[in-house]
Amino acid sequence: MSALERRDAVIVGGGPAGSTLARALAAAGATVAVLDKRAFPRDKTCAGWITPAVVANLGLDLEDYRRGRVLQPIHGFRVARMGEAPVYNDHGATPVSYGIRRREFDHYLLQRSGAELRTATALGSLERAGGEWLVNGTLRTPLLVGAGGHFCPVARALGADLGRAESVVGAQEFEVRLSAGEAARSPVRGDTPQLYFSPDLAGYAWVVRKGDWLNVGIGRRGPRQLGEHFDRFLAHMVREGVLEQNVAGARRNGHAYLLYPHAARPLHADGALLIGDAAGLAYPESGEGIRPAVESALLAAEAIRACGGNYARQRLAGYAAAIEARYGARATRAGAVAQPGLPGLARQYAASLLMRTHWFTQQIVTRRWFLHEHVAPLRA
Ligand SMILES: Cc1cc2nc3c(=O)[nH]c(=O)nc-3n(C[C@H](O)[C@H](O)[C@H](O)COP(=O)(O)OP(=O)(O)OC[C@H]3O[C@@H](n4cnc5c(N)ncnc54)[C@H](O)[C@@H]3O)c2cc1C
């Protein structure tokens with residue numbers, strides 16, 4: 001039998017949540033192993049849009065990042081209800097967001113984390129013994145972190161009701177590299193993502209260009225008939241000349257995840273924490289999940305430091321308190337499905353009229369719902 005190796009922390013999942021926490025703990029001198037089932041670089045189903053708050057929270061050096069990677073500054077938006085003419089808003093000379101490719105972004109963050117990386121290694125077995133976790137029969141640790149995204153096995157081990165009982169956002173997207181001819185002909189501008197809200201405001205579709213890459217997708221509360229909604233949207237985009245037929249026919253990827261008001265997963269247990277999508281933290285209005293993933297990792301790092309090596313459930317409660325202080329009270333399991341996420345019914349009619357105005361699309365839709373400019377990052 002091989003000897004068990006000990007680490008101060010084992011993080012399951014090397015996405016933005018896992019790599020951010022790994023970096024913070026490693027910088028503080030902890031021995032940290034990150035397990036990810038995928039070999040990196042790996043694709044991740046995502047539009048690949050990050051706000052300046054993410055850049056600040058990560059302390060990202062954009063000059064270093066853009067070397068050999070796609071970094072598309074965003075200066076404006078085109079916003080519409082599906083079937084109506086988009087409203088164009090110019091947000092000025094300073095970028096209000098960036099387009100990145102998750103394949104590159106996640107790899108960059110994981111590599112710079114300074115942690116021991118065990119990629120292409122899924123979480124297999126998990127046992128609790130003597131106040132520690134035994135992971136895959138090879139590692140022991142007093143602190144296990146679930147950062148494995150929506151279907152994180154640590155969330156399941158902590159009692160999360162993955163699947164049927166949860167009210168999820170269903171999403172589909174594709175990301176394609178345009179040929180030189182397609183890139184030249186495309187009317188989609190890299191500095192101006194396009195957002196199209198469904199008439200019931202239960203979701204929206206997007207067309208985001210990053211250099212020669214085009215990401216097109218749709219997200220809706222509840223995954224029912226998502227494919228049909230996407231079909232209709234793509235057909236509309238082809239009719240409007242926004243997408244060429246062969247681009248619109250690209251192979252799609254699908255995923256589901258939780259918006260914060262619908263998430264009733266536990267945030268902590270004895271010797272364990274959940275961060276990022278594993279905890280269900282995405283912003284309800286936009287579905288942005290990278291910022292909450294990164295911020296939850298920073299809050300977890302602080303809470304872990306405050307524990308002074310004792311990770312009893314009540315000591316780790318500081319993490320749950322910090323999450324609630326920042327994002328609001330957690331849903332209870334009974335209330336999780338009933339709570340509204342995107343704007344409620346009463347506001348839908350007004351919003352549909354307002355969606356035709358510059359004021360609403362710029363001040364509310366983009367600045368408030370999507371950019372969250374009114375909430376300062378945790379790190380300036
Ligand atoms: C279609 C779509 C578009 C989106 N667009 C945006 C956007 O533009 N901007 C934005 O901010 N958010 C967006 N989101 C949300 C965003 O992708 C997530 O919120 C974010 O990736 C969460 O980061 P994370 O680190 O918590 O999890 P993830 O990024 O999901 O990383 C989890 C990691 O855990 C690993 N893992 C899973 N299971 C195991 C296992 N058993 N063992 C070991 N490792 C495991 C996975 O391989 C993965 O690398 C989008 C989501 C979807 C579905």
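Thresholds applied
Residues numbered from 1 in each chain as written. Predicted model: local features only at pLDDT ≥ 70, side-chain atom pairs only at ≥ 80, totals over all residues. Heavy atoms only, no water. Helix = DSSP H or I, 4+ residues; strand = E, 2+ residues; numbered from the N terminus. Rg over C-alpha atoms; globule rule 2.2 N^0.38 Å. Buried < 20%, exposed > 50% of the residue type's maximum accessible area, 1.4 Å probe, protein only. Contact = heavy atoms within 4.5 Å. Areas by Shrake-Rupley, 256 points an atom, 1.4 Å probe, with all protein chains shown as cover. Axes fitted to C-alpha atoms, helices over the stretch in contact; angles between N-to-C directions. Left-handed = near helix turned anticlockwise from the far one by under 90°. Nonpolar A, V, L, I, M, F, W, Y, C, P; charged D, E, K, R; others polar. Near = heavy atom within 4 Å. Polar contact = N/O pair within 3.5 Å; in protein donor to acceptor, adjacent residues only side chain to side chain. Domains from an automatic or database assignment. Buried area = accessible area lost by both parts, 1.4 Å probe. Salt bridge = Lys/Arg side-chain N within 4 Å of Asp/Glu carboxyl O. Pairing = 2+ DSSP bridges. Core = buried A, V, L, I, M, F, W, Y, C linked by side-chain atoms within 4.5 Å.

J.: So what exactly am I meant to see when it comes to the overall build of the protein here?
T.: Per the secondary structure count, the protein includes 12 helices and 20 strands. For 380 residues, the compact-globule estimate of 2.2 N^0.38 gives 21 Å, and the C-alpha radius of gyration of the protein, at 21 Å, lies within 12% of that figure. Each of the three principal axes of the protein carries a C-alpha extent, and together these read 65 × 45 × 35 Å. Buried positions account for 56% of the 380 residues belonging to the protein. The contacts of the protein with a sequence gap of at least 6 include a subset with a gap of at least 24, amounting to 73%. Total accessible area on the protein stands at roughly 15800 Å², and carbon and sulfur atoms take up 51% of it.

J.: Can you help me understand the packing of helix H9 (residues 290–307) against helix H10 (residues 313–327) in this one?
T.: When two helices pack together, their arrangement is given by the angle between the helix axes and by the axis-to-axis distance. The contact between H9 and H10 brings their axes to 8 Å, and the two run at 145°. The chirality of how H9 crosses H10 is right-handed. Together, Arg291, Pro292, Glu295, Ser296, Leu299, Ala300, Ala303, Ala306 and Cys307 of H9 and Arg315, Leu316, Gly318, Tyr319, Ala322, Ile323, Arg326 and Tyr327 of H10 make up the contact between the two elements. Its residues assigned to classes, the contact of H9 with H10 comprises 11 nonpolar, 2 polar and 4 charged.

J.: Is there a simple way to explain the site of the ligand in this structure?
T.: Close to the ligand lie 38 residues; Asp36, Trp49, Arg102, Asp277 and Ile290 are nearest. Arg42 is positioned with one of its side-chain polar atoms (N or O) 2.9 Å from an oxygen atom of the ligand. Here an oxygen atom of the ligand sits 2.8 Å away from a polar atom, N or O, in the side chain of Asp277. Here the ligand has 1000 Å² of accessible area as a free molecule, and 93% of this is covered by the chains. Considering only residue class, the shell around the ligand consists of 17 nonpolar, 12 polar and 9 charged. Both domains that meet at the shell around the ligand, namely domain 1 (5–48 + 101–165 + 260–327) and domain 2 (74–97 + 169–257 + 344–380), each give it at least three residues.

J.: Whenever I open this one, the domain arrangement of the protein confuses me. Can you help?
T.: Reports often express the size of an interface as the amount of accessible area lost when the parts come together. Partitioning the protein into structural domains gives domain 1 (5–48 + 101–165 + 260–327) and domain 2 (74–97 + 169–257 + 344–380). Between domain 1 and domain 2, the C-alpha centre-to-centre distance is 29 Å. Summed over both sides, the interface between domain 1 and domain 2 buries roughly 1900 Å², with carbon and sulfur atoms accounting for 58% of that surface. Here domain 1 and domain 2 share 1 salt bridge between them. Linking Glu175 and Arg101 is a salt bridge whose minimum nitrogen-to-oxygen distance equals 2.7 Å. At the junction of domain 1 with domain 2, the criterion picks out 10 residue pairs in polar contact (both at pLDDT 80 or more). For the side of domain 1 that touches domain 2, the element with the most residues is H9, which contributes 4 residues. Residues belonging to the side of domain 1 that touches domain 2 are distributed by class as follows: 7 nonpolar, 5 polar and 8 charged.

J.: Teacher, can you tell me more about the pattern of salt bridges here?
T.: Opposite charge on two side chains allows them to pair when their charged atoms are near. Tallied over the full model, the rule gives 23 salt bridges. In this structure, the salt-bridge partner of Arg118 is Glu5, at a minimum N-O distance of 3.5 Å. Of the two residues, Arg118 sits in strand E9 (residues 116–118) while Glu5 sits in strand E1 (residues 5–6), which places them 113 residues apart along the sequence. Linked by salt bridges that have partners in common, Glu5, Arg7, Glu116 and Arg118 make up one network.

J.: It is not clear to me how the sheet that holds strand E4 (residues 49–50) should be interpreted in this structure. Could you clarify?
T.: Pairing between the strands of a sheet is mediated by backbone hydrogen bonds and can be parallel or antiparallel. One open sheet accounts for 3 strands, arranged E4-E8-E5; its pairing is antiparallel. The strands lining the two open edges of the sheet, one partner per strand, are E4 and strand E5 (71–74).

J.: Help me understand the nonpolar core in this model?
T.: Note on soluble globular proteins: their nonpolar side chains tend to be buried together. The biggest cluster of nonpolar side chains holds 55 residues, and the ones touching the most others in it are Leu21, Ile275 and Tyr319. By residue number, the principal contributor to this core is H9, which donates 8 residues. The residues touching Leu21, leaving out its near neighbours within four places in the chain, are Ile11, Val145, Ile275, Ala297, Ala300, Ala301 and Ile304. In this structure, Met237, Leu243, Ala248 and Ala250 belong to the second largest nonpolar core, which totals 22 residues.

J.: How should the pairing of strand E10 (residues 126–129) be read in this particular structure?
T.: Two faces belong to every sheet, and in a regular strand the side chains alternate between them. The pairing of E10 with strand E11 (residues 132–135) spans 4 bridges and is classified as antiparallel. Residue Arg128 lies in a different strand from E11, and its bridge partner there is Trp133. Where E10 folds back on E11, the antiparallel hairpin that results is connected by 2 residues, among which Gly130 adopts a positive phi of roughly 60°.

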